[in-house]
There are 2 protein chains.
Amino acid sequence: MKKPTIVVLGAGYGGLMTVTRLQKQLGSNDAEIILVNKNDYHYETTWLHEASAGTLGPNDVRYDISSVIDSGRVRFIQDTALKVEPEAKKVLLEKTGDLPYDYLVIALGAAPETFGIEGLDKYAFSITNVNTARQIREHIEYQFATYKVDKKPERLRIVVGGAGFTGIEFLGELGNRVPELCKEYDVDIHMVKIICVEAAPTALPGFDPELVDYAMELLKRKNVEFRIGTAIKGATPEGIIVAKGEDDTEEIKAGTVVWAAGVRGNPIITESGFENMRGRIKVEPDLRAPGYSDIFVIGDCSLVINEEINRPYPPTAQIAMQQGELTASNLAKLLQGKSNLDTFTFDNKGTVCSLGDDDAIGVVFGKKVTGKRASFMKKMIDNRALYMIGGIPLTLKKGKFNLLK
Amino acid sequence: MKKPTIVVLGAGYGGLMTVTRLQKQLGSNDAEIILVNKNDYHYETTWLHEASAGTLGPNDVRYDISSVIDSGRVRFIQDTALKVEPEAKKVLLEKTGDLPYDYLVIALGAAPETFGIEGLDKYAFSITNVNTARQIREHIEYQFATYKVDKKPERLRIVVGGAGFTGIEFLGELGNRVPELCKEYDVDIHMVKIICVEAAPTALPGFDPELVDYAMELLKRKNVEFRIGTAIKGATPEGIIVAKGEDDTEEIKAGTVVWAAGVRGNPIITESGFENMRGRIKVEPDLRAPGYSDIFVIGDCSLVINEEINRPYPPTAQIAMQQGELTASNLAKLLQGKSNLDTFTFDNKGTVCSLGDDDAIGVVFGKKVTGKRASFMKKMIDNRALYMIGGIPLTLKKGKFNLLK
């Protein structure tokens, strides 16, 4: 009898967690495990704001997939998934063509969500992957270099759209990076303006107000100007248009606009005909797609409701990894012919939002933390993700050990 | 009696040579020496192609003026000269206003010459100073980073206009830099195209044909495509337009266009009403401006005829430094009331054109050299310029010591 084939799409937190657990839990005759990913590397989505600001290099935020998978147990295909055909039990890949599966894990991550705001997709950058992060870094450096030639002040203006988690973390890095850029490009730091525009009435909605105040005060000291409760109406080659009062608008000229205000699930979800909300499938308690006993959906493409507040959990690395772990053990059960799959419960260990390399805010095991302690916790969280997927060798190679900065 | 004032405009090779010799040769009561320069640093014009390609950092190609002048003897004014008023014996500076002089040395260097070719000033970069060099480096890096996002092949195409000295030296650096860029930005090197367009029937006109062949073969191996005998008709936001046959034109799409085909003297020369040829004043044998016994003109703003071939010497660091030396001693004579000024004779010690960090071609003391020997000579020439102006301390600090690469 032919071994069943498990196809895992995506080598993000969820996908790699699934695969690394599967290769441990399954015997070599239990199943063929195939991992499909666009790049031959995994990148730390939660570190991309650092690569975007230029405080970490692109190679610091990624590692080779081959370094964490057992090539004797897992077949890796570097390709882009275009469509899932659930009825035919196959995936269409860009180069390889059809890839049949017996069990599928969709772990394809997120895409930027611009909410139909005109020009954002064209004129704003987004912190999405290693390539876009590197582009943001290079764009900002090019603006600084060009300012020294044409003296246009808007080249030194950076707009960050969104004061959510990603926006605030990016601002924290920018606050540290700008003085370095000024030194490198002979620019007077007083000429540089960082403006954060947020439509909601507060930064970091859902965070403790005391922590939000701490973050905003710190970022203001790092030269960030906040425009809270201000909606972005559009982006142009020159900057952005924001709402002003009831009917009026105002232009903010800026050489760099980074949109950090929203993500949705991978477009392939809609493409493949799954019922979804902004590209996210509301999964069954055992993380399978409704109506498909052979498809698991985890990470940013999945939607799990937090019953306490009756709202979806925000997509994070933490939840994706826990989903990956559960999916691996549920797959093992299915292969053994068991049908009593475990259901998913999110074990929220806390959230820490960095404010640069040297400060942070967060709630960890129910306790509020700020400053160096929070920054230390953040780095431990980053290192934990490495450890969970790649063990001690990967942690030593890619971990953050400037813990007491 | 008031001390006479010597004003030196420009801290390039000629200006700094003049000032460092004056501060040694004159007693402190002989004259007030004032040096005016836009930046508080000197940059090595002959190394800018390296900073432009990114093979040297911007700080590697410059040093603080304060590190080579004796502040007790020379007053340094950081300002931009706008105009010389020879009849009123003063210089108009942008911030300081009028600066009177008794003796003036114009050593303001060159500006790019685009020969009226449409769009070049707007869409092409030029290797002119630290700021434009840094901009070129950042622009190329940004193109590589953006290629990974939008996949437009022209982002990886670099056109170099001109196969003269600067063009060829820049191509040599690019040839070495591109493999590094490909690694840094995950780009397939076969996607990168470097195209050199030269209107003249040969590269490096005036160089020995055997050496020209050596250079071209080497650069072709480094991925450079030559279009010799091809005139650039214009530059656009998308690339350049070149002549094709008698009446036709052809578009070459390129994300980066660097114009390296010509320089003229500083615009201030024309601005101030001096008779000139492309911004260069044909100086008297003692390097004074015709009709002005108190104005010396040296470096790229001066024009000295090579009697052997009845054509002007090309503007080089070597000739500028020799002119600076003579001007300092002639100024000393004038201050002593002597009128028998020495006349200038160019002592051509040779020319070496680098082809990257590891190869070069040249004629030194009348002998042809290529390869590692020529590259060694080139670095010795670069170090000699440092030594002549700043002595051993500057040479040790900024010199090129990877001599046997």
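Residues numbered from 1 in each chain as written. Chains lettered and ligands numbered in written order. Predicted model: local features only at pLDDT ≥ 70, side-chain atom pairs only at ≥ 80, totals over all residues. Heavy atoms only, no water.

### Notes on the interface of chain A and chain B
And then number 1: Contact residues are listed per partner, giving 19 residues for chain A and 19 residues for chain B.
And then number 2: When chain A packs against chain B, close to 1,700 Å² is buried across both sides, 49% of that on carbon and sulfur atoms.
And then number 3: Put simply, chain A and chain B have four salt bridges between them.
And then number 4: A salt bridge links B:Arg62 to A:Asp186, with the shortest nitrogen-to-oxygen separation between them at 2.7 Å. (Contact = heavy atoms within 4.5 Å. Buried area = accessible area lost by both parts, 1.4 Å probe. Salt bridge = Lys/Arg side-chain N within 4 Å of Asp/Glu carboxyl O.)

### Brief notes about a nonpolar patch on the surface
And then number 1: Among the surface-exposed residues, A:Tyr387, A:Ile392, A:Leu396 and A:Phe401 lie close enough to one another that they form a single nonpolar patch of about 460 Å² accessible area.
And then number 2: Mapping A:Phe401 onto the fold places it in the segment after α9 (371-398). (Patch = residues over 30% accessible without salt bridge, like charges linked within 9 Å, V, L, I, M, F, W, Y side chains within 5 Å. Areas by Shrake-Rupley, 256 points an atom, 1.4 Å probe, with all protein chains shown as cover. Helix = DSSP H or I, 4+ residues; strand = E, 2+ residues; numbered from the N terminus.)

### Things to note about the UniProt feature "domain: FAD/NAD(P)-binding" (unreviewed entry) in chain A
And then number 1: The UniProt entry lists residues 5-324 of chain A under the feature "domain: FAD/NAD(P)-binding" (unreviewed entry), expressed in the numbering used here.
And then number 2: As annotated, residues 5-324 of chain A comprises 28% helix and 30% strand, and the C-alpha atoms at either end are separated by 17 Å. (UniProt positions renumbered as here; feature names shortened; annotations may be inferred.)

### Remarks on the relation of the copies chain A and chain B
And then number 1: Mapping chain A onto chain B leaves a residual RMSD of 0.0 Å; the transformation is a rotation of 180° accompanied by 0.0 Å of translation along its axis. Such a combination of turn and shift is consistent with a two-fold rotation axis.
And then number 2: A shared binding surface is used by both copies, with 100% of the interface residues of chain A retained as interface residues in chain B. (Least-squares fit on C-alpha atoms with pLDDT ≥ 70 in both.)

### Things to note about the domain arrangement of chain A
Size of an interface: often given as the accessible area lost when the parts come together.
Residues and elements named next belong to chain A.
And then number 1: The domain architecture assigned to chain A consists of domain 1 (5-38 + 79-112 + 263-347) and domain 2 (115-261 + 349-405).
And then number 2: Domain 1 and domain 2 are separated by 30 Å when their C-alpha centres are compared.
And then number 3: On the domain 2 side, the residues contacting the 12 residues of domain 1 number eight residues.
And then number 4: Summing both partners gives a buried area of about 920 Å² for domain 1 against domain 2, and 61% of it is carried by carbon and sulfur.
And then number 5: For the domain 1 face of the interface with domain 2, the top three residues by lost area are Pro112, Gln318 and Met321, together amounting to 39%.
And then number 6: The interface formed by domain 1 and domain 2 holds one salt bridge in total.
And then number 7: Counting the contacts that link domain 1 with domain 2 gives four residue pairs in polar contact (both at pLDDT 80 or more).
And then number 8: Elements that contribute at least two residues to the side of domain 1 that touches domain 2 include exactly α1 (13-25) and α8 (317-335).
And then number 9: Considering every element that reaches the side of domain 1 that touches domain 2, the biggest residue donor is α1, with five residues. (Domains from an automatic or database assignment. Polar contact = N/O pair within 3.5 Å; in protein donor to acceptor, adjacent residues only side chain to side chain.)

### Side note on the packing of α1(A) against α8(A)
All names here are of chain A.
And then number 1: Their axes nearest at 7 Å, the elements α1 and α8 cross at an angle of 35°. Taken as a pair, α1 and α8 cross one another with a handedness that is right-handed. Of α8, the residues touching α1 (which contributes Tyr13, Gly14, Met17, Thr18, Arg21, Leu22 and Gln25) are Ala317, Ala320, Met321, Gly324, Glu325, Thr327, Ala328, Ser329, Leu331 and Ala332.
And then number 2: Split by residue class, the contact of α1 with α8 holds nine nonpolar, six polar and two charged. (Axes fitted to C-alpha atoms, helices over the stretch in contact; angles between N-to-C directions. Left-handed = near helix turned anticlockwise from the far one by under 90°. Nonpolar A, V, L, I, M, F, W, Y, C, P; charged D, E, K, R; others polar.)

### Quick notes on the sheet that holds strand β17 (residues 248-253) of chain B
Residue and element names in this part refer to chain B.
And then number 1: Taken together, three strands build an open sheet; the order of strands is β15-β16-β17 and the sheet is antiparallel. Strands with a single pairing partner mark the edges of an open sheet, and in this sheet they are β15 (232-236) and β17. Each strand axis lies, on average, 25° off the axis of its neighbour in the sheet, ignoring direction.
And then number 2: The pairing of strand β16 (residues 239-244) with β17 spans six bridges and is classified as antiparallel. Bridge pairing in β17 links lysine 244 to aspartate 248. (Pairing = 2+ DSSP bridges.)

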